[in-house]
Amino acid sequence: MPFELSKSEQSGKYRIYLKANNSQIILTGQSYSQKQGAKNGIESIIKNTADGDRQFERLTAKDGSPYFVLKAKNSEVIGTSQMYKSVSAMNKGIASVIKHAQEGKIKDLTV
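This text gives an overview of the structure that appears in the document. Residue numbers here run from 1 along each chain, matching the order of that chain's written sequence. In view of the model being predicted, local features appear only for residues whose pLDDT reaches at least 70, and side-chain atom pairs are presented and counted only at 80 or more, with totals across whole chains, interfaces and linings using the full set of residues. By convention in this description, side-chain values take in all heavy atoms of the structure and omit both hydrogens and water.

What follows deals with the side chain of Ser81. Tracing the chain through its elements places Ser81 in the loop between β6 (77-80) and α2 (87-103). Pairing of N or O atoms within 3.5 Å defines a polar contact, subject to two protein rules: one partner must be a possible hydrogen donor and the other a possible acceptor, and residues neighboring in sequence count only if both atoms are side-chain atoms. From its side chain, Ser81 meets the backbone nitrogen of Phe68 in a polar contact 2.9 Å long. We count a stretch as a helix when DSSP gives it H or I for four or more residues in a row; a strand needs E for two or more, and each element gets its number in order from the N terminus.

Given below as C-alpha coordinates:
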(Lines give C-alpha, C1' and ligand atoms only; values in the text may rest on other atoms or scores of the structure.)
Protein backbone atom coordinates (compact mmCIF):
# COMPACT_ATOMS: atom_id res chain seq x y z
CA MET A 1 0.00 0.00 0.00
CA PRO A 2 1.57 3.28 -1.02
CA PHE A 3 -0.01 5.57 1.61
CA GLU A 4 0.21 4.73 5.29
CA LEU A 5 -1.86 6.65 7.79
CA SER A 6 -0.63 6.37 11.36
CA LYS A 7 -1.19 8.05 14.72
CA SER A 8 1.59 8.98 17.11
CA GLU A 9 1.09 7.58 20.60
CA GLN A 10 3.12 10.45 22.07
CA SER A 11 1.56 13.46 20.33
CA GLY A 12 -1.78 11.96 19.28
CA LYS A 13 -1.28 13.48 15.82
CA TYR A 14 -1.95 11.72 12.53
CA ARG A 15 0.83 11.30 9.99
CA ILE A 16 0.94 10.34 6.33
CA TYR A 17 3.74 8.40 4.69
CA LEU A 18 3.94 7.54 0.99
CA LYS A 19 5.95 4.40 0.39
CA ALA A 20 7.53 2.81 -2.66
CA ASN A 21 7.06 -0.86 -3.51
CA ASN A 22 10.15 -1.71 -1.41
CA SER A 23 8.43 -0.11 1.64
CA GLN A 24 10.87 2.80 1.68
CA ILE A 25 9.29 6.13 2.66
CA ILE A 26 9.46 8.46 -0.34
CA LEU A 27 7.34 11.32 1.03
CA THR A 28 6.42 12.30 4.57
CA GLY A 29 3.25 14.34 4.90
CA GLN A 30 2.48 16.97 7.50
CA SER A 31 1.10 16.16 10.97
CA TYR A 32 -2.63 16.55 11.51
CA SER A 33 -4.61 16.81 14.74
CA GLN A 34 -7.67 15.13 13.20
CA LYS A 35 -7.89 11.95 11.13
CA GLN A 36 -10.07 13.67 8.52
CA GLY A 37 -7.36 16.30 8.09
CA ALA A 38 -4.86 13.54 7.32
CA LYS A 39 -7.25 12.00 4.81
CA ASN A 40 -7.64 15.42 3.20
CA GLY A 41 -3.83 15.62 3.11
CA ILE A 42 -3.69 12.36 1.16
CA GLU A 43 -6.23 13.71 -1.31
CA SER A 44 -4.13 16.86 -1.66
CA ILE A 45 -1.00 14.81 -2.39
CA ILE A 46 -2.88 12.85 -5.06
CA LYS A 47 -4.31 16.03 -6.58
CA ASN A 48 -1.01 17.90 -6.58
CA THR A 49 0.93 15.07 -8.25
CA ALA A 50 -1.67 14.51 -11.00
CA ASP A 51 -0.04 17.06 -13.33
CA GLY A 52 3.49 15.74 -13.05
CA ASP A 53 6.24 17.59 -11.22
CA ARG A 54 4.89 21.17 -11.34
CA GLN A 55 4.14 21.32 -7.61
CA PHE A 56 7.55 20.03 -6.51
CA GLU A 57 10.20 22.39 -5.25
CA ARG A 58 13.75 21.09 -5.52
CA LEU A 59 15.95 22.21 -2.63
CA THR A 60 19.41 21.70 -1.18
CA ALA A 61 20.08 21.04 2.51
CA LYS A 62 22.87 22.80 4.42
CA ASP A 63 25.11 19.76 3.90
CA GLY A 64 24.56 19.93 0.12
CA SER A 65 22.11 17.03 -0.06
CA PRO A 66 19.30 17.51 -2.58
CA TYR A 67 15.72 16.98 -1.44
CA PHE A 68 12.26 18.16 -2.44
CA VAL A 69 8.98 19.36 -1.03
CA LEU A 70 5.54 18.95 -2.54
CA LYS A 71 3.44 22.08 -2.37
CA ALA A 72 -0.27 22.64 -2.78
CA LYS A 73 -1.42 25.25 -5.29
CA ASN A 74 -1.56 27.77 -2.39
CA SER A 75 2.22 27.15 -1.84
CA GLU A 76 1.67 25.30 1.46
CA VAL A 77 4.08 22.39 1.92
CA ILE A 78 2.15 19.11 2.07
CA GLY A 79 5.06 16.66 1.96
CA THR A 80 8.83 16.43 2.29
CA SER A 81 11.27 13.90 0.85
CA GLN A 82 14.28 12.24 2.36
CA MET A 83 17.77 13.57 1.62
CA TYR A 84 19.33 12.25 -1.58
CA LYS A 85 22.96 11.72 -2.61
CA SER A 86 22.49 13.28 -6.06
CA VAL A 87 20.13 15.45 -8.09
CA SER A 88 19.53 12.48 -10.38
CA ALA A 89 18.42 10.32 -7.44
CA MET A 90 16.17 13.15 -6.21
CA ASN A 91 14.51 13.41 -9.64
CA LYS A 92 13.90 9.65 -9.59
CA GLY A 93 12.34 10.13 -6.15
CA ILE A 94 9.96 12.75 -7.54
CA ALA A 95 8.95 10.39 -10.36
CA SER A 96 8.35 7.66 -7.78
CA VAL A 97 6.14 9.93 -5.66
CA ILE A 98 4.07 10.86 -8.72
CA LYS A 99 3.65 7.21 -9.72
CA HIS A 100 2.79 5.85 -6.28
CA ALA A 101 0.55 8.74 -5.22
CA GLN A 102 -1.67 8.23 -8.25
CA GLU A 103 -2.36 4.63 -7.15
CA GLY A 104 -4.26 6.19 -4.24
CA LYS A 105 -4.19 3.10 -2.02
CA ILE A 106 -4.27 3.74 1.74
CA LYS A 107 -3.25 1.44 4.58
CA ASP A 108 -4.91 2.83 7.71
CA LEU A 109 -2.83 1.80 10.72
CA THR A 110 -5.11 3.72 13.10
CA VAL A 111 -7.96 1.17 13.06
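With respect to burial, strand β1 (residues 3-7) is a largely interior element, 4 of its 5 residues being buried. Here β1 runs beside strand β2 (residues 14-19); their pairing, made up of 5 bridges, is antiparallel. The residue bridging Ser6 from the neighbouring strand is Arg15, located in β2. Joining the antiparallel neighbours β1 and β2 is a turn of 6 residues, in which Gly12 adopts a positive phi near 75°. Two strands are counted as paired when DSSP detects at least two bridges linking them. Relative to strand β7 (residues 106-108), β1 is paired through 3 bridges, and the arrangement is parallel. Exposure classes here rest on a 1.4 Å probe applied to the protein chains alone. A residue is buried below 20% of its type maximum, exposed above 50%, and partly exposed in between.

Quick look at the pairing of strand β4 (residues 56-60) now. Both β4 and strand β5 (residues 66-71) contribute to a ladder of 5 bridges, which runs antiparallel. The residue bridging Glu57 from the neighbouring strand is Val69, located in β5. What sits between the antiparallel neighbours β4 and β5 is a turn of 5 residues, in which Gly64 has the positive phi angle 90°.

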